[in-house]
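# Analysis of the macromolecular model
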Amino acid sequence: MILAGVLLLVALVLPGLPLGQWRAFMLDAAQFAFLISGLALAWDLLARTGQLSLAHGAFFGLGAYAAALSAPALGTIPALLLGGATASLSSLLLGLATLRLQGMYFAIATLAFSEVMRTLVLKSQFTGGSIGLPVQPAFAGAYPLGGYYLAVALLIICTLVSLLLSRSRLHYAMAATRQGEAVARVLGVSVVRVKLVTFTISAFLAGLAGGVYAMKTLFLSPYDAFGLGRAVEALVIPIFGGLYTTTGPLLGGLIIVSLETWLRLRIGEGYLVVYGVILVLTILFLPKGLMSLFARQKGARHA
Amino acid sequence: MLKVTGLTKRFGGVVAASKVNLEVHEGEILAVIGPNGAGKSTLLNLLSGLVRPDAGRIEFLGQDITHAAPEFRTWKGLGRAFQIVQPFPEMTVRENLMVGALYGKPGTSMPTAQKVVQQVIELTGLAAKADTEAGELTLLEDKRLELARALCTQPRLLLLDEVMAGLRPAEAMEAVELVKQIRASGVTVLFIEHLMPVVRALADRVVVMDYGEVIAAGGYVEVAANARVREAYLGRSA
């Protein structure tokens, strides 16, 4: 909790720090880390209901394309919200069809959804197809730090939603759904509705992150925006950081994405191997993620 | 209060419930007994909505709930404790109870739920363990939690599925007192039980099942003397 506050504070003042010649690179890397951490926080929300989604890369991509396509007409903030809404609506439809499925089957359905979405965007005209889509910068380039602060704002929003949900009534329904669906129903929890509500909130945040990402990279391609790599990233980070927590995905995201940026400079695509190694080591030695290192602290389970 | 007519459920070729007729009256404690495989647990699953019947009708408080979702039945006041205790292992006892208290009646606020939980914790003697993770409880504590969680949904009719199985006699008698207290607070109880001393101590009426059928119903003494019941338990004499 305190850690999360400190991290967000650092994010706010980072552009003002004397970073010298590394400033532009640092800000760019940090912005990317914030977006992916936000995506990981969003993914973790659904995980709290016991569902493993491989569609969050697709929600990110849908948000990115929707925001990119609508930004010239709507302006930056409404376009981002539209991106979130698009992702959210698609998650609602996907959820209605698949959230009655358990564990593995749901994961497979979300994987199929991702592939379908990528193919649709690839084959459509208005998305630029395989050629890709140029995107205008946030606020049409009026503020040099606009994109950076949008990423900070997104991370703050995701953190707050994550914290608020873990203190809400819904927290109990989500945890009960994850730990025993039949029992939860007999105790009065509408498990399908709980999953559906969580799914739409989670997808909205993922779509929002995608929109900010589009305005940062300035160019979208289906391979990048809908890559399975991002869906994997969205789940590796919370597992590494600590599932069902707020600080876990936040801290994990910043560490993993920083590491990824650094490794990309050194070994290019080889960073994926390091990813795999981190995942295996975490599951073996820190099954509850980084958060288990703080587990003795009171309340860390909900931090 | 609860009226079951012609309730039937087949699993493949096995008839787990065959035209079961049953009535539970407000305020009573009704025991359902029968040999293993008689269909008692299936009956409870049908009543709480975890299993869908092939035929028949379930009426609760004058409303047809035959095809209602489990959570809807809970909202109406039909509570259920499981035979195999299934606490939410990563939650504390208090958090487990909060789930029932918050969602057992739609729209319950957090402060109200916390009050309900506190009352149930005191009633069921779980105060010392309230902030222990449910995964670390002993069997007796698990059973108490199971019962307490069902109570937190504030049921008008409570279904108990062998909640005393595996308890030592002294512990079982403690649980009997608890169930009596629950009834005294205005809750009707339907329970499944193997331990005959428990049945005798608790039940106002007994329903006996065998091969998915109700073969006898009445007071304990009357049912215990019934020839078909003796046959079902002891086997047919040559």
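What comes next concerns the included structure.

Cut-off values and rules
Residues numbered from 1 in each chain as written. Chains lettered and ligands numbered in written order. Predicted model: local features only at pLDDT ≥ 70, side-chain atom pairs only at ≥ 80, totals over all residues. Helix = DSSP H or I, 4+ residues; strand = E, 2+ residues; numbered from the N terminus. Rg over C-alpha atoms; globule rule 2.2 N^0.38 Å. Buried ≥ 20, exposed ≤ 12 C-beta atoms within 10 Å, placed from the backbone. Contact = placed C-beta atoms within 7 Å. Pairing = 2+ DSSP bridges. Axes fitted to C-alpha atoms, helices over the stretch in contact; angles between N-to-C directions. Nonpolar A, V, L, I, M, F, W, Y, C, P; charged D, E, K, R; others polar. Parallel < 35°, antiparallel > 145°, perpendicular 65-115°, else oblique. Left-handed = near helix turned anticlockwise from the far one by under 90°. Expected span 1.5 Å × (residues − 1). Arc of directions from axis to C-beta.

A word on the overall build of chain B. Along its length, chain B carries nine helices and ten strands. For 238 residues, the compact-globule formula gives about 18 Å, and the C-alpha radius of gyration of chain B, at 18 Å, lands near that figure. Counting only C-alpha atoms and orienting by the principal axes, one finds that chain B spans roughly 60 × 40 × 35 Å. Looking at chain B residue by residue over its 238 residues, the buried ones come to 45%.

Within chain A, the secondary structure is distributed over 13 helices and two strands. Scaling as 2.2 N^0.38, a compact globule of 303 residues should have a C-alpha radius of gyration of about 19 Å, and chain A matches this with 18 Å. Referenced to the eigenvectors of the C-alpha coordinate spread, the extents of chain A come out at roughly 55 × 45 × 35 Å. Out of the 303 residues in chain A, the part that is buried amounts to 49%.

Before going further, it helps to spend a moment on the environment of E90(B). Summarising the element assignment, E90(B) is placed in the loop between strand 6 (78-81) and helix 3 (93-103). Residue classification places E90(B) among the partly exposed residues on the basis of 16 C-beta atoms within 10 Å. Along the chain, E90(B) and E133(B) lie 43 residues apart, while their C-alpha atoms are 6.2 Å from each other. If near-sequence neighbours (up to four positions away) are discounted, E90(B) is found in contact with Q179(A), E133(B) and G135(B).

Residues and elements named next belong to chain B. Overall, antiparallel pairing links the four strands, which are arranged 2-1-4-5 in an open sheet. The sheet is open, and its two edges are formed by strand 2 (14-24) and strand 5 (63-64), each paired on a single side. Here five bridges tie strand 1 (residues 2-11) to strand 4 (residues 55-60), and the two strands are oriented antiparallel to one another. Bridge assignment links K3 to a residue of strand 4, and that residue is E59. Helix 1 (residues 40-48) rests against strand 1, strand 2 and strand 4 of the sheet, and its axis sits at about 65° to strand 2.

With that out of the way, let us pick up the interface of chain A and chain B. Contact with chain A, which involves 16 residues of that partner, is made by 23 residues of chain B. Elements supplying a minimum of two residues to the side of chain A that touches chain B: helix 7 (169-179) and helix 8 (181-186) of chain A. Classifying every residue of the side of chain A that touches chain B by side-chain character gives ten nonpolar, four polar and two charged.

Moving on to the pairing of strand 3 (residues 29-33) of chain B. Consecutive side chains of a regular strand alternate in pointing toward one face of the sheet and then the other. Residue and element names in this part refer to chain B. Of all five residues that make up strand 3, five are buried, and the element is covered over most of its length. Taking every second residue as pointing to the same face, both faces of strand 3 are buried, with I29, A31 and I33 on one and L30 and V32 on the other. The pairing of strand 3 with strand 8 (residues 188-192) spans four bridges and is parallel. The partner of V32 across the bridge, within strand 8, is I192. As judged from the four bridges shared by strand 3 and strand 9 (residues 205-210), these two strands associate in the parallel manner.

Another aspect to go through is the sheet that holds strand 7 (residues 157-161) of chain B. Residues and elements named next belong to chain B. Strand order in the open sheet made by the six strands is 6-7-8-3-9-10, with mixed pairing throughout. Here the strands that pair on one side only, and so sit at the sheet edges, are strand 6 and strand 10 (213-218). Strand-to-strand, the axes of this sheet are offset by a mean angle of 20°, without reference to chain direction. Packed on one face of the sheet, helix 9 (residues 227-234) meets strand 9 and strand 10 and runs near 125° to strand 10.

What follows concerns the pairing of strand 1 of chain B. All names here are of chain B. Where strand 1 and strand 2 come together, seven bridges link them in antiparallel fashion. What sits directly across from F11, in strand 2, is V14. Here strand 1 folds back onto strand 2 in antiparallel fashion, the turn holding two residues, of which G12 has a positive phi close to 60°.

With that settled, consider unusual backbone geometry. Trans is the common state for peptide bonds, and a negative phi is the common state for residues other than glycine. All names here are of chain B. Phi angles above zero are rare outside glycine, and E162 is one such case at about 45°. With respect to the helices and strands, the residue E162 is situated in the loop between strand 7 and helix 6 (169-184). Phi is positive for Y211, which is not a glycine, with a value near 45°. In this structure, Y211 sits in the loop between strand 9 and strand 10.

All names here are of chain A. At a minimum axis distance of 8 Å, the contact between helix 2 (residues 23-47) and helix 12 (residues 247-267) shows a crossing angle of 140°. In terms of orientation, helix 2 lies oblique with respect to helix 12. In terms of crossing hand, the pair formed by helix 2 and helix 12 is right-handed. On helix 12, the residues touching A29, F32, A33, I36, S37, A40, L41 and D44 of helix 2 are P249, L250, G252, G253, L254, V257, S258 and T261. Each residue belonging to the contact of helix 2 with helix 12 can be placed in one class, and the counts come to ten nonpolar, five polar and one charged.

What follows concerns the packing of helix 2 of chain A against helix 6 (residues 146-166) of chain A. Residue and element names in this part refer to chain A. Their axes nearest at 9 Å, the elements helix 2 and helix 6 cross at an angle of 25°. Taken together, helix 2 and helix 6 sit at an angle that is classed as roughly parallel. At the point where helix 2 passes helix 6, the crossing takes the left-handed sense. Here L27, Q31, F34, L35, S37, G38, L41, A42, D44 and L45 of helix 2 come into contact with helix 6, specifically with G147, Y148, A151, V152, L154, L155, C158, T159, S162 and L165. For the contact of helix 2 with helix 6, a count of residues per class yields 13 nonpolar, six polar and one charged.

Moving on, we get to the environment of L39(A). Residues and elements named next belong to chain A. Within the secondary structure, L39 sits in helix 2. A residue is classified by how many C-beta atoms lie within 10 Å of it, and L39, with 32 of them, is buried. In sequence terms L39 and L12 are 27 residues apart; their C-alpha atoms lie 19 Å from each other. With sequence-adjacent residues up to four places away left out, L39 is seen in contact with H56, F60, A206, A209 and A234.

Let's shift gears to helix 5 (residues 103-123) of chain A. Residue and element names in this part refer to chain A. Taking 1.5 Å per residue, 21 residues should reach 30 Å; helix 5 reaches 31 Å between its end C-alpha atoms and fits that length. Residues of helix 5 that are buried include every one of F106, T110, F113, S114, M117 and V121, and no others. Each buried residue of helix 5 sits inside an arc of 100° when the element is viewed along its axis, so together they form one side. Within helix 5, the exposed residues directed more than 90 degrees away from the buried face are M104, Y105, T119 and K123. As for helix 5, its buried residues are in contact with helix 3 (56-74), helix 4 (76-98), helix 10 (222-225) and helix 11 (228-241).

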